[in-house]
Amino acid sequence: MGCLKKNAAELCAVLLKEIYGEVSSRVASVLLEYGRLNLQTLVRYSKLPEKIVKQTLVVLIQLHLVVHSTHKEGHRDEVYYECTWLQVYELLHAGKMIAMVEERFGTDGAYIISNMLQMGHVRVSDFLAGSGLSDNPKQAATNGTSNGVTDATKSAPTSLASLRAAMGDLLRSRYLIQVHEHHMHPQTDVINDVRAKITRQVKESHGAMSDLKLKKVVDAQLKSKLRELAVGDISENAGMKKRMAQVEVATSNKRPSKRAKLSNNFEDVSGKEAVWQIDENSVVRVNHEKFLILFRNKELVTMAERRLGKTTSLVFGQLLKALEDKIHRCQDTAGMEEEESDPKKKLKISTLELSRTFDKDIELGDTIAPLPKNTVNGKKRPNDFNDDDMGLNRANGTGNGDDEAEDDEDEERDEWAEDQEVNPETAAKKRRMAIIKDHLDLLAQDSYPFVKSEGNRGLGEWSVDFGALIKTMKQVEIEKIIEQRFGGVATRLLRILQEKGKLDEKQLATIALRKSTSIRSTLSALQEAGHLELQEVPKTADRAASRTIFLWYYDPDRARLNVLHDIYKAMSRTLQRIAHERSEVQPLLEKAERTDILGKEELYLSKAELRTIARFRVIEEKLLAQVGRLDRQVMIFRDY
């Protein structure tokens, strides 16, 4: 097991111990350390009773923290288990996910997501039945727990209809997705099964062909199929089902027309209409990819705010929100390749389309410096002149000529008159669209590739190159880490090597305008930390050091992995420190959480006890904030 895997496994074990207890942590740790194991081997390595291991595996599989595969061995089927450590890591994002859903869907959405995170996956009908709610709000359960569904928010849903509608909205927006069989199996087995199936189909349909040609055809279809499995069903009504709902009708004797019969929302003579509702027989779970997209958008908006200001970042956020539903995965390499091969498939949005969905609460007035008073919308008013109009600058060769000015004068006067005739509401919309376009121009002209201009349709078309933008974000984050640890000179050396490629010490010192002796220690420190690499190029066969050229170079992927290694280790140590600090005051915390003391701490606890608890809360808050900062860097380097 490599160092990265070792530190990641340690972090996962700490997380599971903190949330699900010692037994779950031990079983998962064995799977992370030894890889895929069957039940008998897992029992032997974990040193736990077989019954306890089976019960633990049921829970971990339900939560999608462990996947399983069945293989034919002789005359019997053998089941192997494997821990998905990335799903274990996602436990850290539970609070952020609930808060984000509550902001968009209210307390009903937060109630659903918080319970889904605890259950893993569940049938919709079972979830609705376990909530203890009914279509009559007065009959809803008032206690905190109903048949296993907990009230994790301040306000639980008031009726079954509202809960069902909220689940339908979450499923339609892909915060929830349907669970399929391949979600329960290891990715390697899914790839092998799909490849074998495609190979059989290609051989049957194409007949005999060379191995090289067969491999190319299979690889092309395999990439498309795997992307389809990863994304899932993206149709508008995926996981939904038509149901007849009662509606009011003006005339009960009215016969439905042929067009009405063929429509999706068919209304019959009894006053019922077919509407889409969530299919209660479907099994759903939380879609972590959707939340990664939202986290990425939030991080990109923050970066835009640091570069271009608050208002421009809000415009960029609205642009990302408009593209949100069209993007299904953060690292969609197959989709990027399709966009590069076929420009028509690139995700684009015009200024006009963006203005229709733009948040009206965002104030855009006076956010862009206005044009001079003698101009309106970039056009000069008729009979307003300056030195250029009078021909004072023509002697220097900067004038446009009398003929050109006379030709444009009539056209300008007509356009000015048309602008004056526009009603105030339309003029306000046009001004707002013009301001939005100006902010998008600022984003497109920045050295960071926030947006890219794609055409002039609808006051300009825009796209976001997430690959280039995330690459820039990763590099900026790496440079911040290096500057904090090694200083500004180290950052300068890193940028030079990134731009120039492989250089020896003398060349690097010359470009950096430093002496070789002054950068030698910095280069060694960067190499020791894993940010720089050194290549030896011997001049002779004996590989003597005096006749060898040493070239420094920067490998972004390797440097990123080394940073992740350090972050995983730091996160596990921080979480262990939190657990240690809690164990020091555990009896006091248990005393403060007693039902007869809770809320009356000042009456029943001494001042020394209150100070001890307050001190622990401050330490815990600081350490959790550090975990959040480290988690942000992990998502930048690994998930985006």
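Residues numbered from 1 in each chain as written. Predicted model: local features only at pLDDT ≥ 70, side-chain atom pairs only at ≥ 80, totals over all residues. Heavy atoms only, no water.

Caption draft 1: The arrangement of the pattern of salt bridges in detail. As enumerated under the stated definition, the model contains 33 salt bridges in all. The residue lysine 290 makes a salt bridge to aspartate 325 at a minimum N-O spacing of 3.6 Å. Residue lysine 290 is found in helix H12 (residues 288–308), and its partner aspartate 325 is found in the loop between helix H13 (310–324) and helix H14 (333–341); the two are separated by 35 residues along the sequence. Looking at aspartate 325, the relative accessible area reads 54%, which means it is exposed. We note a salt bridge from aspartate 639 to arginine 638, for which the minimum N-O separation is 2.8 Å. (Salt bridge = Lys/Arg side-chain N within 4 Å of Asp/Glu carboxyl O. Helix = DSSP H or I, 4+ residues; strand = E, 2+ residues; numbered from the N terminus. Buried < 20%, exposed > 50% of the residue type's maximum accessible area, 1.4 Å probe, protein only.)

Caption draft 2: Just the packing of aromatic side chains, in detail. Throughout the structure, instances matching the rule amount to seven aromatic pairs. Ring centres of phenylalanine 316 and phenylalanine 450 lie 5.5 Å apart, and the angle between their planes is 75°; on these two criteria the pair is classed as edge-to-face. Of the two residues, phenylalanine 316 is situated in helix H13 and phenylalanine 450 in the loop between helix H17 (424–445) and strand E14 (452–455); the sequence distance between them amounts to 134 residues. Here phenylalanine 316 matches phenylalanine 450 in class, with each residue buried. Taken together, the aromatic side chains of Trp85, Tyr89 and Tyr568 make up a single cluster linked through ring pairs. Looking at lysine 290, its charged tip hangs above the ring of tyrosine 175, at a distance of 5.4 Å from the centre. (Phe/Tyr/Trp six-rings, centres within 6.5 Å; stacked < 30°, edge-to-face > 60°. Lys NZ or Arg CZ within 6 Å of the ring centre and 35° of its normal.)

Caption draft 3: Fine view of the side chain of glutamine 475. Mapped onto the fold, glutamine 475 is located in helix H18 (residues 466–486). Here glutamine 475 falls in the buried class, since its relative accessible area comes to 13%.

Caption draft 4: Seen up close, the sheet that holds strand E18 (residues 548–553). Taking strand neighbours across the sheet as the criterion, the three strands line up as E16-E18-E17 in an open arrangement whose pairing is antiparallel. Across the chains shown, the open sheet's two edge strands, defined by having one partner strand only, are strand E16 (503–504) and strand E17 (533–538). Two strands pair when backbone bridges link them, and E17 and E18 are joined in this way by six bridges, in the antiparallel orientation. Paired with leucine 534 across the bridge in E18 is tryptophan 552. (Pairing = 2+ DSSP bridges.)

Caption draft 5: Local environment of helix H10 (residues 211–231). Compared with an ideal rise of 1.5 Å per residue, which puts 21 residues at 30 Å, H10 spans 30 Å between its outermost C-alpha atoms and is within 8% of the ideal. Of all the residues in H10, the buried ones are Leu214, Val218, Leu222 and Val231. Looking at the buried residues of H10, the elements they touch are helix H9 (187–206). (Expected span 1.5 Å × (residues − 1). Contact = heavy atoms within 4.5 Å.)

Caption draft 6: How the structure looks around the pairing of E14. Relative to strand E15 (residues 461–463), E14 is paired through three bridges, and the arrangement is antiparallel. Across the sheet, residue serine 453 finds its bridge partner in E15, namely tryptophan 462. Taking the residues that link successive antiparallel strands as the turn, the E14-E15 hairpin has five residues, and the phi of glycine 458 there is positive, at about 60°.

Caption draft 7: Structural view of the layout of surface pockets. Taken as a whole, the largest pocket holds about 1,400 Å³ of empty space. Along the wall of the largest pocket there are 42 residues; nearest its centre are Leu86, Gln87, Gln187, Glu289 and Arg329. Within the residue set of the lining of the largest pocket, elements represented by two or more residues are helix H2 (22–34), strand E3 (76–83), helix H5 (85–89), H9, H10, H12, H14 and helix H25 (607–639). Ranked by residue count, the leading element in the lining of the largest pocket is H10, at six residues. Residues that form the lining of the largest pocket fall into these classes: 16 nonpolar, 14 polar and 12 charged. (1 Å grid on protein atoms, 1.4 Å probe; cavity = no way out; pocket = protein on both sides within 12 Å on 5 of 7 lines; lining within 4 Å. Points joined across faces, edges and corners; volume = space filled by probe spheres on them. Nonpolar A, V, L, I, M, F, W, Y, C, P; charged D, E, K, R; others polar.)

Caption draft 8: Local environment of the packing of H18 against helix H22 (residues 556–584). At a minimum axis separation of 11 Å, H18 and H22 run at an interaxial angle of 60°. One finds that H18 runs oblique with respect to H22. In this structure, H18 crosses over H22, and the sense of that crossing is left-handed. On H22, the residues touching Lys474, Ile478, Ile481 and Arg485 of H18 are Ala559, Arg560, Val563 and Asp566. In terms of residue class, the contact of H18 with H22 is made up of four nonpolar, no polar and four charged. (Axes fitted to C-alpha atoms, helices over the stretch in contact; angles between N-to-C directions. Parallel < 35°, antiparallel > 145°, perpendicular 65-115°, else oblique. Left-handed = near helix turned anticlockwise from the far one by under 90°.)

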